[in-house]
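Each chain, written out:
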Amino acid sequence: MTRDTININDFIILVEEAKSDETTIDSCFFDEPIIAVAFYGSGNVDLSVKYGNKQKEFNYTKGLALSFYADDNVEFIHTVSASKPLECLVIATSINAIEALPNDEGELFSEMLNQLVNPSDHYVEGPSFFMTPDMQSIVDSLFNIKYKGKTKMMFFRSQITALLSHFFGQLATLKTEKIKSLEREKLDLAKKILLDNIDDPPSLTELSKQIGLNTFKLKRDFKALFGVPVFKYLQNERLTLANKMIRNEEATVQEAAWHVGYDSLSSFSNAFEKKFGYRPSQIK
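Residues numbered from 1 in each chain as written. Predicted model: local features only at pLDDT ≥ 70, side-chain atom pairs only at ≥ 80, totals over all residues. Heavy atoms only, no water.

Visitor: I'd like to hear about the sheet that holds strand β1 (residues 2-8), residue by residue, with values.
Guide: Overall, antiparallel pairing links the six strands, which are arranged β1-β2-β9-β4-β7-β10 in an open sheet. Looking along the sheet, the strands with just one partner apiece sit at the ends: β1 and β10 (123-130). Each strand axis lies, on average, 15° off the axis of its neighbour in the sheet, ignoring direction. Helix α3 (residues 133-142) rests against β4 (34-40), β7 (64-70), β9 (86-94) and β10 of the sheet, and its axis sits at about 90° to β4. (Pairing = 2+ DSSP bridges. Helix = DSSP H or I, 4+ residues; strand = E, 2+ residues; numbered from the N terminus. Axes fitted to C-alpha atoms, helices over the stretch in contact; angles between N-to-C directions. Contact = heavy atoms within 4.5 Å.)

Take a look at the structure:
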């Protein structure tokens with residue numbers, strides 16, 4: 001388990017990462033009341049939030065952006081296992097620091113996360129959604145920084161700013177979009193089904209039957225909500241997972257290709273190069 005705390009302006013950035021062959025429990029508290037957004041990376045760790053006699057469970061966190069208010073009575077518990085590693089990036093600020101945030105960020109928090117600025121309980125959950133591909137790419141880059149020293153910190157600062165911009169931009173989009181909440185739940189389910197079957201995904205017809213949404217609406221609204229077509233999203237997730245497996249030496253290039261559903265190594269390598277700008281064999 002690694003947990004790093006970085007201060008950027010009036011933001012506290014918490015970077016948590018953990019892997020374990022055995023099921024382990026990690027819990028943490030915040031020392032003071034904070035407003036925060038948690039971004040979950042490629043791990044799919046289980047999360048429990050406990051406060052008083054209440055408890056909230058999150059059993060699917062991969063790609064989740066979760067905003068919340070929490071005081072020092074709230075316990076955040078991650079259950080880490082071999083199949084569910086932890087990658088969590090938390091951007092937090094205290095309520096007292098909201099007005100002092102630079103670049104009008106304080107106004108954005110007050111306007112779009114008002115229920116968190118004026119909390120009614122020890123823990124208050126704000127808007128949450130699965131990240132867009134651009135947001136996911138930023139989070140992945142922050143867990144795989146290759147720079148060192150001052151250059152690393154410069155990169156980190158710039159990406160945190162970009163991530164917050166995407167977060168508030170997506171909030172604004174969700175407020176104005178016409179996709180109904182019930183349909184959004186079905187689209188979130190479609191995304192989960194794809195990720196759970198990344199090596200052997202259902203066809204569009206099968207997927208539409210499983211979520212109870214016709215194929216036309218599935219294709220149209222999935223792209224509207226997540227920014228990419230259904231199988232473009234699946235391809236991006238396949239290649240991102242394969243990249244991580246090869247880079248972490250968890251699999252050879254051939255094994256990674258098979259793991260994410262590619263039968264042809266040449267097709268995998270060509271798609272990989274198109275996405276990342278280099279071939280999988282060039283990863284060191």
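Moving on from the model shown.
Visitor: Could you give an account of the pairing of strand β5 (residues 46-51), naming the residues involved and the relevant values?
Guide: By the criterion of burial, β5 is predominantly enclosed, with five of the six residues buried. Across five bridges, the pairing between β5 and strand β8 (residues 75-80) is antiparallel. Looking at β8, one finds that Ser48 is bridged to Ile77. One ladder, built from five bridges, connects β5 with strand β6 (residues 54-58); its direction is antiparallel. Bridge pairing in β6 links Val49 to Lys56. What sits between the antiparallel neighbours β5 and β6 is a turn of two residues, in which Gly52 has the positive phi angle 60°. (Buried < 20%, exposed > 50% of the residue type's maximum accessible area, 1.4 Å probe, protein only.)

Visitor: Kindly report on helix α10 (residues 265-276), identifying the contributing residues and their values.
Guide: Between its first and last C-alpha, α10 extends 16 Å over 12 residues, near the 16 Å set by a 1.5 Å rise per residue. Residues Phe268, Ser269, Ala271 and Phe272 constitute the buried set of α10. In a view along the axis of α10, the buried residues occupy a sector of 170°, so they form one face of it. Structurally, α10 contributes buried residues whose contacts are with α8 (230-247) and α9 (253-259). At the C-terminal side of α10, Gly277 shows a positive phi close to 90°. (Expected span 1.5 Å × (residues − 1). Arc of directions from axis to C-beta.)

Visitor: Give a detailed account of the packing of aromatic side chains, specifying residues and quantitative values.
Guide: Under the definition given, this model contains 17 aromatic pairs. Arranged with centres 5.1 Å apart and planes meeting at 45°, the rings of Phe68 and Phe76 form a pair that is tilted. Of the two residues, Phe68 and Phe76, neither departs from the other in class, the shared state being buried. By the ring-pair criterion, three or more aromatic residues cluster together here, those being Phe30, Tyr51, Phe68, Phe76 and Tyr123. (Phe/Tyr/Trp six-rings, centres within 6.5 Å; stacked < 30°, edge-to-face > 60°.)

Visitor: So what about the sheet that holds β6? Which residues, and what values?
Guide: Spatially, the four strands line up as an open sheet ordered β3-β8-β5-β6, and their pairing is antiparallel. One side of each edge strand has no neighbouring strand; the edge strands of this open sheet are β3 (24-28) and β6. Going across the sheet, the axis of each strand differs from the next one's by a mean of 20°, ignoring polarity.

Visitor: Report on the packing of helix α5 (residues 181-196) against α8, specifying residues and quantitative values.
Guide: The geometry of a pair of packed helices is captured by two quantities: the angle between their axes and the separation between those axes. The geometry of α5 relative to α8 is characterised by a closest axis approach of 10 Å and an angle of 40° between their N-to-C directions. When the interaxial angle is binned, α5 and α8 end up oblique. Read as a crossing pair, α5 and α8 show a hand that is right-handed. Counted together, Lys191, Leu194 and Leu195 of α5 and Val230, Phe231, Tyr233, Leu234 and Glu237 of α8 form the full contact between these two elements. Broken down by class, the residue content of the contact of α5 with α8 amounts to six nonpolar, no polar and two charged. (Parallel < 35°, antiparallel > 145°, perpendicular 65-115°, else oblique. Left-handed = near helix turned anticlockwise from the far one by under 90°. Nonpolar A, V, L, I, M, F, W, Y, C, P; charged D, E, K, R; others polar.)

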